[in-house]
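Given next are the chains, with one letter for each unit.
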Amino acid sequence: MSTSAITPAGISTRSRSGMSATRRAAVSTCAVALVLGIWQLSGSLKWIDPLLLPPPTEIFHTTVDILADGYRQVSLWQHIWVSVLRATVAFAAAILAGIPLGLAMGLSQPVSALLEPFVQFLRPLPKIALIPLTVVWFGIDEGSKFFLIFISCFLSVVVSAAAAAVGVNKNRLRAAQTLGANRYQLFTRVVLPNALPEIFTGVRLSIGIGWTSLIAAEMVAANSGLGWMVINAGTYLRTDVVMLGILLLGGIGYLFDLALVLLQRAVVPWAGRDA
């Protein structure tokens, strides 16, 4: 009878830990190659109208053309740079403002009681519904785009930071108090180290949400950016350009997440190693 443990997801921990990095990379590569192969065949053999789903070769040729000539008089690199810059500034502001506020809500019941109704009301609200108000408040310049991405990310960061603070092991807090730790020491040596892994997880999810709001943000009188490129190309049935934009959005979103994972490993090496 096998003695390997079963995780809540039903996956054997032995099988998870037993797969080498090389084998995992090989399986992932084969899966991607299989999907691309089927995708290419569906276009080459006319299983699906290329107008609806252009094959990878057509998207490749479109990429080469746009790299050479740009899209709507704007180079592809500028579209990428504009979107990444908008998102990065909004993400940084949301994290810098959201984590302290979330920790304050998690550590202080009065602060939580004061702010939680507003946070919980605004968080599930579709951010696209805010576009008319955003235009009235901030105009059609970069301020409105920044606000839509910021608010999408900020609210989720606040909630995750508050949950991380509430979830700190109370026995560790009592033990530190017994040893004479003051309030500052409790926060810096107990609360923050215990909350950081969950905060990083929340930030990763929040940035994913914020990145998906980019298209909504670039609907506000933009003339460049990947989101704008996708929307504009869709109006002209340029599905090859739409697919290129989608692939770039997905790839850049993956790179944002990868950067956070690497940062978490460097800043919070104890994550997942609960004593």
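Keep in mind it's a predicted model, so treat the numbers as computed, not measured.

(A) A look at a nonpolar patch on the surface. On the surface, Leu34, Ile38, Leu41, Leu45, Trp47, Ile48 and Leu52 cluster together to form a nonpolar patch covering roughly 730 Å² of accessible area. Tracing the backbone through its elements, the reader meets Ile48 in the loop between α2 (21-44) and α3 (56-69).

(B) Layout of unusual backbone geometry. The backbone of Lys46 sits at a positive phi, close to 65 degrees, despite the residue not being glycine. Within the secondary structure layout, Lys46 lies in the loop between α2 and α3. Owing to a relative accessible area of 59%, Lys46 belongs among the exposed residues under this scheme.

(C) Geometry of the side chain of Gln264. Looking at the element boundaries, Gln264 is found in helix α12 (residues 239-267). The class for Gln264 is buried, based on a relative accessible area of 13%. Here Gln264 is in contact with Pro197, Phe200, Arg204, Pro269 and Ala271, once residues within four sequence places are set aside.

(D) Spatial organisation of the packing of helix α4 (residues 76-107) against α12. Axis separation between α4 and α12 bottoms out at 12 Å; the angle between their running directions is 40 degrees. By the criterion of interaxial angle, the relationship of α4 to α12 is oblique. The hand of the α4/α12 crossing is right-handed. For the pair α4 and α12, contact is made by Leu76, Ile80, Val84, Thr88 and Phe91 and by Leu248, Ile252 and Phe256, respectively.

(E) How the structure looks around the pattern of salt bridges. Scanning the entire structure with this criterion turns up 4 salt bridges. Residues Arg204 and Asp257 are paired through a salt bridge, measuring 2.8 Å at the closest nitrogen-oxygen approach. With Arg204 in helix α9 (residues 183-212) and Asp257 in helix α12, this pair connects stretches of sequence that are 53 residues apart. Since its relative accessible area comes to 25%, Asp257 is described here as partly exposed. Across the pair Arg238 and Asp240 runs a salt bridge whose closest N-O atoms are separated by 3.1 Å. For Asp240, a relative accessible area of 9% translates into the label buried. Connected through salt bridges with shared partners, the residues Arg86, Glu142 and Glu218 form a single ionic network.

(F) Summary view of the nonpolar core. Core analysis: the biggest nonpolar cluster contains 59 residues, and Tyr71, Phe91, Phe154, Ile199, Ile207, Trp211 and Met229 have the highest contact counts within it. Of all the secondary structure elements, the ones that give two or more residues to this core are α3, α4, α7 (142-166), α8 (170-178), α9, α10 (214-217), α11 (226-235) and α12. The element best represented in this core is α7, accounting for 14 residues. Apart from the residues lying within four places of it in its own chain, the contact partners of Trp211 are Ser83, Ala87, Phe91, Leu249, Ile252, Gly253 and Phe256.

(G) View of the packing of aromatic side chains. Summed over all chains, the structure comprises 8 aromatic pairs. Seen from their ring centres, Tyr71 and Trp228 are 6.1 Å apart, and the 65 degrees between their planes marks the pair as edge-to-face. Here Tyr71, found in the loop between α3 and α4, pairs with Trp228, found in helix α11; they are 157 residues apart in sequence, far enough to count as distant. Take Tyr71: its relative accessible area is 5%, and that puts it in the buried class. Given a relative accessible area of 13%, Trp228 falls into the buried group. Through a chain of ring-to-ring contacts, the aromatic side chains of Phe91, Trp211 and Phe256 assemble into a single cluster. We note Arg72 situated over the ring of Tyr236; from NZ or CZ to the ring centre the distance is 4.4 Å.

(H) A look at the side chain of Ser160. Here Ser160 shows up in helix α7. Note on Ser160: relative accessible area 13%, which makes it buried. Setting aside chain neighbours within four positions, we find Ser160 in contact with Gly202 and Val203.

The rules we used
- Along each chain, numbering runs from 1 in the same order as the chain's sequence is written.
- Where local features are concerned, this predicted model is filtered to residues with pLDDT of at least 70; where side-chain atom pairs are given and counted, the filter is 80 or more; whole-chain, interface and lining totals use all residues.
- In computing side-chain values, all of the structure's heavy atoms are included and hydrogens and water are not.
- Surface patches are drawn from residues lacking salt bridges whose relative accessible area is over 30%; two like charges belong together within 9 Å, two nonpolar side chains (Val, Leu, Ile, Met, Phe, Trp, Tyr) within 5 Å.
- Areas reported here follow the Shrake-Rupley algorithm with a probe of radius 1.4 Å; residue values treat only the protein chains shown as occluding.
- Salt bridges are defined as contacts in which a side-chain nitrogen from Lys or Arg sits within 4 Å of a carboxyl oxygen from Asp or Glu.
- Numbering of helices and strands starts at the N terminus; helices are DSSP runs of H or I of at least 4 residues and strands are runs of E of at least 2.
- Think of it in three bands: with a 1.4 Å probe and only protein chains considered, a residue is buried below 20% of the maximum accessible area for its type, exposed above 50%, and partly exposed in between.
- Here, residues are in contact when the closest pair of their heavy atoms is within 4.5 Å.
- To obtain an axis, a line is fitted to C-alpha atoms, over the contacting stretch when the element is a helix, and the angle between two such axes runs from 0 to 180 degrees between their N-to-C directions.
- Should an angle fall under 35 degrees it is taken as roughly parallel, and over 145 as roughly antiparallel, whereas 65 to 115 is taken as roughly perpendicular and any remaining angle as oblique.
- Rotating anticlockwise by less than a right angle from the far helix to the near helix defines a left-handed crossing, while the corresponding clockwise rotation defines a right-handed one.
- Residues enter a nonpolar core if they are buried and are Ala, Val, Leu, Ile, Met, Phe, Trp, Tyr or Cys, with the set joined through side-chain atoms within 4.5 Å.
- Stacked, tilted and edge-to-face pairs are distinguished by plane angle, under 30 degrees for stacked and over 60 for edge-to-face with tilted covering the rest, among Phe, Tyr and Trp rings (Trp via its six-membered ring) whose centres lie within 6.5 Å.
- Both a distance and an angle decide whether a charge sits over a ring: NZ of Lys or CZ of Arg must be within 6 Å of the ring centre and within 35 degrees of the ring normal.

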